[in-house]
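# Structure assessment
In case you want the letters, here they are:
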Amino acid sequence: MAQQPPGAASAEAAPDNRPWLERIGIPKPLFWGFVGVLIFMIGDGVEITYLTDYLQRPEGGGLEGSQATFATVTVYGLAVMIASWFSGTLSSIWGPRYVMWLGAAWWIVFEILFLFVAVPTHSYALIVTIYGIRGFAYPLFSYAFLVWAQVASPVHMRGSVAGWFWFVFTGGLPTLGAAVAALAIGPFGMSLHATLVLSLVLVAVGSLIGCFGIHEPHGTKPIADESVTNPRSPKRLLEGVDILWRDKRTLAGGLTRIVNTAPEFGFFAMFPFVFGPETPGGGFLSTSEVAALSSITYAANIAGNLGFGVLGDYFGWRRTVTWFGCVGCAIATPLWYFAAVGSQSFAVASALGAVYGVLLAGFVPLSALMPSMVSTKDKGSSLAVLNFGAGGAAFLGPVTVYLVHPVLGGGGVAITFALMYVMVAVLSSYVKDPSDPGEAGAERGVPDDAPAKTATT
């Protein structure tokens, strides 16, 4: 096992002297930020299970199926990808708190326009435009807080902090968000429109908590060091792009993040027509079982996020990503598909889906690794690449299914995803982990704010 980072030993020597929040991996000044992100993402996730259906109903816009899908998947997904990038670069210029304010206000304003202006007009162009613009909002709010949490956290806690971030993020979207929608529409008998209004209220509550409940100084100033003469200059936006060729480690980390959850998005786009009732000749799972399989996988991933966040702080961030995330998922992905098809069993598919979900959490320390291996002035840019990778995964997964499945079938898709994991396992193995003294070339003992050495992979 790798030696512990500086400060970890003293923290263990007298654990009772630390606040209980820090003992579980949450810096006390950031606590209300995690609460705010959780509630915000619950509100954002309310619509995930039924919005496409709602937009096809007369009261919801009366769109055709393809139009509704284009609005909620294609246009919205593109907006999320772009905003994911700017959440990091804008945080480096303005400070994360102001980006969170922008994301919160953006979501609330454009959701009001969507619900009370666009939908009642039944105008396809207006609905797509307003909803697509709203897609910029949640990455600005949530991922800006991730930037804040990583910059403000002690180095030895950053893996745990990343684990808690993804725990509250995925706990809200889609898990608890979908549960709130199910309760509102089912037992409480709320209309679909009223349930969307409920989501607006939840986002507003989460925004207030996240934007005004945190009292920590790093969030109110640009992420820069003394080498940056004008930290608020718009020219710094270009630094969020050129870091891709200035620092090959960041490029490798960004590619790893794209592959991270791409198979997850791809599999759940593919399962209805390879396992479910849409399968030619009939599948072995019902529609409800396909949905349950998704829930089981996500639940296992949420639990794994915390465990691998803590493990990464002790085992090493890069080692955890490479061996548990990349290699583990390279094995689990084809095993999940072929064992499910071979057994024709929901129990087998669920068990292996849970294994995949847990191993997927092995990528959590990447959120700590990427900003920690660059200088302070590049932390926002590094996290911009990381956040863009999160958005890119939602695009890469379904596109891979679209291109590969007609030619090689579901098995070909599973093997393709496994090869992607192998590729990023090789890439990640060349990234030096600054938290791990056991790796040759690791910048052990260098202050967190010290300028980074010339980056190589």
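Just above, that's the structure.
Okay, so let's go over this structure.

Rules of the game
Residues numbered from 1 in each chain as written. Predicted model: local features only at pLDDT ≥ 70, side-chain atom pairs only at ≥ 80, totals over all residues. Heavy atoms only, no water. Helix = DSSP H or I, 4+ residues; strand = E, 2+ residues; numbered from the N terminus. Contact = heavy atoms within 4.5 Å. Areas by Shrake-Rupley, 256 points an atom, 1.4 Å probe, with all protein chains shown as cover. Axes fitted to C-alpha atoms, helices over the stretch in contact; angles between N-to-C directions. Parallel < 35°, antiparallel > 145°, perpendicular 65-115°, else oblique. Left-handed = near helix turned anticlockwise from the far one by under 90°. Nonpolar A, V, L, I, M, F, W, Y, C, P; charged D, E, K, R; others polar. Buried < 20%, exposed > 50% of the residue type's maximum accessible area, 1.4 Å probe, protein only. Core = buried A, V, L, I, M, F, W, Y, C linked by side-chain atoms within 4.5 Å. Phe/Tyr/Trp six-rings, centres within 6.5 Å; stacked < 30°, edge-to-face > 60°. Lys NZ or Arg CZ within 6 Å of the ring centre and 35° of its normal. Salt bridge = Lys/Arg side-chain N within 4 Å of Asp/Glu carboxyl O. Disulfide = S-S within 2.5 Å. Expected span 1.5 Å × (residues − 1). Polar contact = N/O pair within 3.5 Å; in protein donor to acceptor, adjacent residues only side chain to side chain. Patch = residues over 30% accessible without salt bridge, like charges linked within 9 Å, V, L, I, M, F, W, Y side chains within 5 Å.

## Observations concerning the overall build of the chain
Helix and strand counts for the chain come out as 17 helices and zero strands. Summarising the internal contacts of the chain: among those between residues at least 6 apart in sequence, 80% fall at separations of at least 24. Just so you have it, the chain exposes about 17,900 Å², and 70% of that area is on carbon and sulfur atoms.

## Regarding the packing of helix α8 (residues 137-152) against helix α9 (residues 158-185)
Taken N-terminus to C-terminus, the directions of α8 and α9 make an angle of 160°; their axes are 9 Å apart at the nearest point. In terms of their interaxial angle, α8 and α9 are classed as roughly antiparallel. Considering only the axes of α8 and α9, their crossing is right-handed. From α8, Tyr138, Ser142, Tyr143, Phe145, Leu146, Ala149, Gln150 and Val151 reach across to α9, where they touch Arg158, Val161, Ala162, Phe165, Trp166, Phe169 and Leu173. Its residues assigned to classes, the contact of α8 with α9 comprises 12 nonpolar, two polar and one charged.

## Quick notes on the environment of Ile214
In this structure, Ile214 sits in the loop between α10 (192-212) and α11 (236-246). Relative accessible area serves as the criterion here: at 0%, Ile214 is assigned to the buried category. Beyond its immediate chain neighbours, meaning those up to four positions away, Ile214 contacts Pro29, Leu30, Trp32, Gly33, Arg97, Phe145, Trp148 and Ile209.

## What about the side chain of Thr256?
On the secondary structure map, Thr256 appears in helix α12 (residues 248-270). Those residues in contact with Thr256 that sit more than four places away from it in its chain are Val321, Cys326, Phe363, Leu366, Val424 and Ser428.

## Topic: the nonpolar core
Ranked by size, the top nonpolar core spans 114 residues in total, and within it Tyr138 and Phe271 carry the most contacts. A total of 14 residues in this core trace back to one element, the largest contributor, which is helix α17 (residues 379-429). If near-sequence neighbours (up to four positions away) are discounted, Tyr138 is found in contact with Phe40, Met41, Asp44, Tyr76, Val80, Trp107, Tyr143, Phe169 and Leu173.

## Things to note about the packing of aromatic side chains
In this structure the tally under the stated criterion is 35 aromatic pairs. On the numbers, 6.0 Å between centres and 35° between planes, the contact of Phe363 with Tyr421 is tilted. Highlighted residues: Phe363 in the loop between α15 (346-360) and α16 (366-372) and Tyr421 in helix α17, separated in sequence by 58 residues. Through a chain of ring-to-ring contacts, three or more aromatic side chains come together here, namely Phe267, Phe268, Phe271, Phe275, Phe284, Tyr298, Trp336, Tyr337, Phe338, Tyr356 and Phe417. Its end group placed over the ring of Trp166, Arg257 keeps NZ or CZ at 5.3 Å from the ring centre.

## Thoughts on the pattern of salt bridges
Under the counting rule described, the total for this entry stands at six salt bridges. In this structure, Arg134 engages Asp44 in a salt bridge whose closest nitrogen and oxygen atoms are separated by 3.4 Å. Taken together, the residues Arg134 in helix α7 (residues 124-134) and Asp44 in helix α3 (residues 31-45) connect sequence positions 90 residues apart. Of the two residues, Arg134 and Asp44, both sit in the buried class. Across the salt bridge formed by Asp53 and Arg57, the nearest N and O atoms sit 3.0 Å from each other. One network of salt bridges, in which partners are shared, links Asp44, Glu47, Glu111 and Arg134.

## Considerations on the state of the cysteines
For the coordinates displayed, the defined rule picks out zero disulfides. Note on Cys326: no disulfide assigned, nearest cysteine sulfur contributed by Cys329 at a separation of 7.8 Å. Residue classification places Cys326 among the buried positions, given a relative accessible area of 0%.

## As for α15
For α15, with 15 residues, the first-to-last C-alpha span of 20 Å sits near the 21 Å given by 1.5 Å per residue. Those residues of α15 that sit buried are Ala349, Ser350, Leu352, Gly353, Tyr356, Gly357, Leu359 and Leu360. Among the structural elements, α12, α13 (287-315), α14 (317-343) and α17 are those in contact with the buried residues of α15. Two to three positions downstream of the cap, the backbone nitrogen of Ala347 sits 3.2 Å from a side-chain oxygen, assigning the N-cap of α15 to Ser345.

## A look at a nonpolar patch on the surface
The grouping of Val109, Ile112, Leu113, Phe116, Val117 and Leu126 at the surface amounts to a nonpolar patch, some 450 Å² of accessible area in total. Looking at the nonpolar patch element by element, the count peaks at five residues for helix α6 (residues 96-121).

## A few points about unusual backbone geometry
The amide bond that connects Leu173 to the next residue, Pro174, takes the cis arrangement and shows omega of 10°. On the secondary structure map, Pro174 appears in helix α9. Even without glycine at this site, Gln344 takes up a positive phi of about 55°. The exposure class assigned to Gln344 is partly exposed, which follows from its relative accessible area of 46%.

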